[in-house]
Structure formats: C-alpha cells, structure tokens
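Notes for the structure review
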Amino acid sequence: MSATRSIAGANQRRDIVLDGVSKRYGTLHAYGPISFTVEDGTSVSIVGPSGCGKSTLLRTIAGLEPSTDGVARFAGQPITKPLENVGIVFQRDLLLDWRNALDNVLLPAEFRGTCDDATKERAARLLDQLGVGGFKQAYPWQLSGGMRQRVAIARSMVCHPAMLLLDEPFSALDALTRDQMNVLVQDVRQNENVTTILITHSIAEAVFLGDRVLVMSGRPGQILDDIAIPFPRPRRLSLREEPEFTEIVRRIRIHFERTGILVG
Ligand SMILES: Nc1ncnc2c1ncn2[C@@H]1O[C@H](COP(=O)(O)OP(=O)(O)O)[C@@H](O)[C@H]1O
Ligand SMILES: [Mg+2]
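Anyway, here's the lowdown on the structure attached to this text. (Residues numbered from 1 in each chain as written. Chains lettered and ligands numbered in written order. Predicted model: local features only at pLDDT ≥ 70, side-chain atom pairs only at ≥ 80, totals over all residues. Heavy atoms only, no water.)

Comments concerning the sheet that holds strand β8 (residues 195–199)
Pairing between the strands of a sheet is mediated by backbone hydrogen bonds and can be parallel or antiparallel. Under the convention used in this document: Whether two strands pair depends on DSSP finding at least two bridges between them. Numbered from the N terminus, helices here are DSSP runs of H or I no shorter than four residues, and strands are runs of E no shorter than two. Think of each axis as a best-fit line through the C-alpha atoms, taken over the contacting stretch in the case of a helix, with angles from 0 to 180 degrees between the N-to-C directions. In this description, contact between two residues means that some pair of their heavy atoms is separated by no more than 4.5 Å.
Pairing is mixed across the open sheet formed by six strands, whose spatial order is β6-β7-β8-β3-β9-β10. Two strands close off the open sheet at either side, each with one partner strand: β6 (86–89) and β10 (223–228). Averaged over all adjacent pairs, the angle separating strand axes in this sheet is 15 degrees, with direction ignored. Across five bridges, the pairing between strand β7 (residues 163–167) and β8 is parallel. Along β8, the bridge assignment pairs L166 with L198. Sheet contacts for helix α2 (residues 54–62): β3 (43–47), β6, β7, β8 and β9 (212–216); angle to β7, the most-contacted strand, approximately 160 degrees. Contacts from helix α8 (residues 243–258) reach β3, β9 and β10 within the one sheet, and its direction differs from that of β10 by about 180 degrees.

Right, dumping it as structure tokens:
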C-alpha cells in the first residue's frame, strides 16, 4: 500500500490490512506473524501446505477467529467481531437438501430480511451467469458436484458481499469441472468487482485467478513470497500454457521443493 493511499484513502477504501497477525491455540502456533494488504476490488490467491493455518487465517479475516497478536483491519476498522457481509465458499457446498437451487441462493437474504423482488432477480441472474440457470427449481441431490458448487458461489454473492473468501472451493471437483469453475468464478467476480481471497492447493489455479499470489510456509504459516500476476483479464485457460505463466508456476513450486513440501 502506498504511503499516499494509507493517509488519504484508508478509510474510504475497503482494503483488508493484516499487520503482524498471528494465531496460537495454547502451545500450537497455527500461523503468523503475517502482514499483507489486499486492495479493494482485487483478487489474491494463497497457496501453502496442509495445516499451515490457511483456513484459520481466513476465519480471522472474516472475524470468526480472533487473532492472538497483531491487528487485522477492514476498511480501516479493526476486525473484532464477525463481519456482516462476507461471502464464504468451502470445499463442501453446505446446500440445504430440502430447498431448490434458487431458494438455497436466497437463504442469506432471507436471514438478513432483504429478500425482495430485486434480490430474487439477482439470485436468478447469478445462477444464469454461473451456467446453472436451467436448474433453479432443481434440488441439490439432482445436481452434479460442480453444479452444486456454482449454487454455493451464487449464494455467497447474492447479498453483494464486501469480500469473498474461498477456502479450497474446487478441491472436490474433477479436473475439467475445476477448469470450467476457474473461468466462471473469474468472470463473475470481475463483473462484481468484489475483493476476493482464494485458498487453493493448485498453483495453476492460484495464478490463473489471482492478481497476486501469496506463498505460505509450513506451520506456523508465514508469507514466503508475494507475486504480482500481470496477465490482463479476462484470462482464458490457454494462458496456462504460455511461458510467462509456467515461469510463475515454477517460481512458486520451487518454494515448496526447497522446503521439502509437496503440494497437490
Ligand atoms: N479451533 C481450533 N483449535 C485448536 N487447533 C486448531 C483449531 N483450528 C485449527 N487448529 C490447528 O491449527 C493448525 C492450522 O489449521 P488450518 O488453518 O485448518 O490449516 P490449513 O487450512 O492450512 O490446512 C492445525 O494444526 C490445526 O490442527
Ligand atoms: Mg484448510
């Protein structure tokens, strides 16, 4: 973050700023200290070995898991309680089996008491954009894993979240479906301009979706590298075969090779 911006714009911009944040559970040091900024409207990917504290870090940013040291801020305010409007997607879609796709998407709006006609139109539009517009009335058990995850993504975005937190959302999907989801998520989050943090074990996915990629060490997870990803958007899957792309993938892979950690 530039000095000018931190003075002039920190309160207006909805940046996520971590300053020496760490988390301990008793004697177990889960992650940190970690400092980074995710600028408003950008997409940051985080890769790191299993158990290095990625999910815990994401929960800290959502205000669900207080840090032990340091300060995490959102839009200039310390995050001290669960943030009101955060879209979260996990590996498991957590859809309710007794509600159809559209009604699953509308759930957060119902909780918030904001489920008006405009919200219903938005929910339907998000499902259209995510390629499952023909399945609004279908129940979760009638949908494939990839379709269910698209519904979960629409649900996470229906209330115009201030930030989107994705915790290995595609890990349970087959490779082709995963590729397809990468493109769909890129396009939807680009339309919405929503600040996004993606945790993934796939280096290629991290690079494809990120404006930046943060590389974490083993537990306690710290930031080993912070790499700007320069490719313009929209990015297409064929980008992954370009030498500039594979060079960045290599740079990240070397971190894990050096530390003896294999990522999947
Ligand atoms: N609520 C908790 N209580 C105690 N230990 C926890 C808790 N949540 C996570 N941990 C521990 O913190 C470490 C990091 O976990 P996690 O954030 O899930 O890692 P990752 O998502 O990178 O795989 C692990 O050792 C895990 O056992
Ligand atoms: Mg995790």
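Describing the site of ligand 1
Our working definition: Near, as used in this document, describes a residue that has one of its heavy atoms within 4 Å of the molecule or strand being considered. Nitrogen and oxygen atoms within 3.5 Å of one another constitute a polar contact, given that in protein one can donate a hydrogen and the other can accept it, and given that sequence-neighbouring residues count only through two side-chain atoms. The classification used treats Ala, Val, Leu, Ile, Met, Phe, Trp, Tyr, Cys and Pro as nonpolar, Asp, Glu, Lys and Arg as charged, and all other residues, Gly among them, as polar.
Close to ligand 1 lie 13 residues; G51, K54, S55, T56 and R219 are nearest. Contacts to ligand 1 include Y25, whose side-chain N or O atom sits 3.3 Å from a nitrogen atom. One nitrogen or oxygen atom from the side chain of R59 is found 3.5 Å from a nitrogen atom belonging to ligand 1. Of all elements in the fold, only β2 (28–38) and α2 reach the threshold of two or more residues within the shell around ligand 1. When residues of the shell around ligand 1 are assigned to their parent elements, the largest contribution, four residues, is made by α2. When the residues that make up the shell around ligand 1 are grouped by side-chain class, the tally is five nonpolar, five polar and three charged.

Considering the environment of K120
In this fold, K120 is placed in helix α4 (residues 117–129). Residues K120 and D103 lie 17 residues apart in sequence; the distance between their C-alpha atoms is 9.1 Å. When sequence neighbours within four positions are dropped, the list of residues in contact with K120 reads L102, L106 and C115.

Concerning the pattern of salt bridges
The line we're drawing: By definition, a salt bridge exists where a carboxyl oxygen of Asp or Glu is found within 4 Å of a side-chain nitrogen of Lys or Arg. Remark: exposure states derive from per-residue accessible area (1.4 Å probe, protein chains only) relative to the maximum for the residue type, with buried under 20%, exposed over 50%, and partly exposed in between.
Counted by the stated rule, this structure contains 17 salt bridges. E65 is paired through a salt bridge with K23; the nearest N and O atoms lie 3.5 Å apart. Taken together, the residues span a long stretch of sequence, with E65 in the loop between α2 and β4 (69–74) and K23 in strand β1 (residues 16–25) at a distance of 42 residues. We classify E65 as buried; its relative accessible area is 16%. By relative accessible area, K23 is classed as buried at 8%. Its salt-bridge partner being R59, residue E65 comes within 3.2 Å of it at the nearest N-O pair.

What to know about the nonpolar core
In plain terms, the rule: Side-chain atoms within 4.5 Å are what join buried Ala, Val, Leu, Ile, Met, Phe, Trp, Tyr and Cys residues into a set we call a nonpolar core.
Counting residues in hydrophobic clusters, the biggest one holds 51 residues, and the most contacted among them are I153, V207, V213 and I252. Broken down by secondary-structure element, the contributors of at least two residues to this core are α3 (101–112), α4, α5 (145–157), β7, α6 (175–192), α7 (203–209), β9 and α8. Of all hydrophobic cores here, the second largest spans 27 residues; its members include V44, I61, L165 and L214.

Notes on the side chain of R155
Selection criterion: We count Lys and Arg on the positive side and Asp and Glu on the negative side, and we leave His and both chain ends out.
Looking at where R155 falls in the secondary structure, it is placed in helix α5. Summary of buried charges: R155 has no salt-bridge partner, and the nearest side chain of opposite charge, D93, is 6.2 Å away. Looking at R155, its side chain comes within polar contact range of the main-chain oxygen of D93, at 2.7 Å. Apart from residues no more than four positions distant in its own chain, R155 is found in contact with D93, L94, L95, N104, V105 and P108.

Description of the pairing of β7
The line we're drawing: Handedness of a crossover is defined as follows: orient the strands so they point away from the viewer, and if the path from the first strand over the helix to the second runs clockwise, the crossover is right-handed.
Of all five residues in β7, five are buried, a share of seventy percent or more. Of the two faces of β7, the one carrying M163, L165 and D167 and the one carrying L164 and L166 are both buried. Considered for its hand, the β-α-β crossover made up of β7, α6 and β8 is right-handed.

Details of the packing of α3 against α4
Formally: Angle categories are assigned with fixed cut-offs, so that under 35 degrees is roughly parallel, over 145 is roughly antiparallel, 65 to 115 is roughly perpendicular, and the rest are oblique. Note: crossing handedness is left-handed where the near helix turns anticlockwise from the far helix by less than a right angle, and right-handed where it turns clockwise.
Two elements in contact, α3 and α4, have axes whose closest approach is 10 Å; the angle formed by their N-to-C orientations is 130 degrees. Considering the angle they form, α3 stands oblique to α4. As for the relative orientation of α3 and α4, their crossing is right-handed in sense. From α3, A101, L102, V105, L106 and A109 reach across to α4, where they touch T119, K120, A123, A124 and L127. The residue inventory of the contact of α3 with α4, partitioned by class, reads eight nonpolar, one polar and one charged.

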